[in-house]
Amino acid sequence: HGLGDVKLVAISLKNDQVVEEFIFPSEIAGLGSLLNDFQVDAGGEKIYISDTSIWRQEPALIIYDVAQRRARRILERHASVSNGPYAVHIQGQPHKLLSTFVLKWGVDGIALSRDGRWLYYAPLNGGQLYRVATDVLNDENLKGDTMSSGVSRWAPISLTDGMTTDDEGRVYLGDMENGAIHRVDANGRLQTLLKD
């Protein structure tokens, strides 16, 4: 929650040595931020991170440029990253802090398409999957409304946290509220694959 250093660390699997460490400045990940899920592009050049921002309520996406060792916040408080209207229930019980405080989740799950062209993401309780072209995200000349115009609603979905993609352009969603796995096909249609 930004109470101390918020950092990104890479460790070599060959020798267990730290090979990269980046401490995010406070204007990128300050007090109340909650850097959550992330995706690394296939070339290892960009890392896309969701800032759920439960307490601060300033959710955003963060892009870290590996070569330049620089991060920037984008789409802060945009409707596509903001807390959704649905109460979160897990195993039939309301998800509250100390049984009292309703938690408001911003953008949480994110997934890159396998070809690296699209970033899919969703607020945990927003009921909507969004997507934006990575060309738009990586264009540092685009700001505010110009960048947000590249965001599109892709599919209505359940409450979701983790997600991934496959080679056929489909997005898989974990649904912790219903104990299910869903898939959104390449045309934006939702299908339940497993519920238990």
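Heads up: these notes are all about the structure in this document. Nothing here was measured: the structure is a model prediction, and the numbers come from that model. (Residues numbered from 1 in each chain as written. Predicted model: local features only at pLDDT ≥ 70, side-chain atom pairs only at ≥ 80, totals over all residues. Heavy atoms only, no water.)

The topology assignment puts S158 in the loop between β14 (152-156) and β15 (163-165). Here S158 falls in the buried class, since its relative accessible area comes to 15%. Among the polar contacts listed, one links the side chain of S158 to the side chain of H182, at a separation of 3.3 Å. Every residue in contact with S158, bar those within four places of it in the chain, is listed here: D175, H182 and L190. (Helix = DSSP H or I, 4+ residues; strand = E, 2+ residues; numbered from the N terminus. Buried < 20%, exposed > 50% of the residue type's maximum accessible area, 1.4 Å probe, protein only. Polar contact = N/O pair within 3.5 Å; in protein donor to acceptor, adjacent residues only side chain to side chain. Contact = heavy atoms within 4.5 Å.)

Using the criterion set out here, one finds 12 salt bridges in the structure. Residues D185 and R189 are paired through a salt bridge, measuring 2.9 Å at the closest nitrogen-oxygen approach. Accessibility expressed as a relative area gives 17% for D185, which makes it buried. In this structure, a network of salt bridges that share partners links the residues D51, R73 and E76. (Salt bridge = Lys/Arg side-chain N within 4 Å of Asp/Glu carboxyl O.)

Before going further, it helps to examine the sheet that holds strand β6 (residues 70-74). The four strands lie next to each other as β3-β4-β5-β6, forming an open sheet whose pairing is antiparallel. Looking along the sheet, the strands with just one partner apiece sit at the ends: β3 (35-40) and β6. Sheet twist, expressed as the average angle between the axes of neighbouring strands with direction ignored, equals 25 degrees. Note: β3 against strand β4 (residues 46-51), four bridges, orientation antiparallel. (Pairing = 2+ DSSP bridges. Axes fitted to C-alpha atoms, helices over the stretch in contact; angles between N-to-C directions.)

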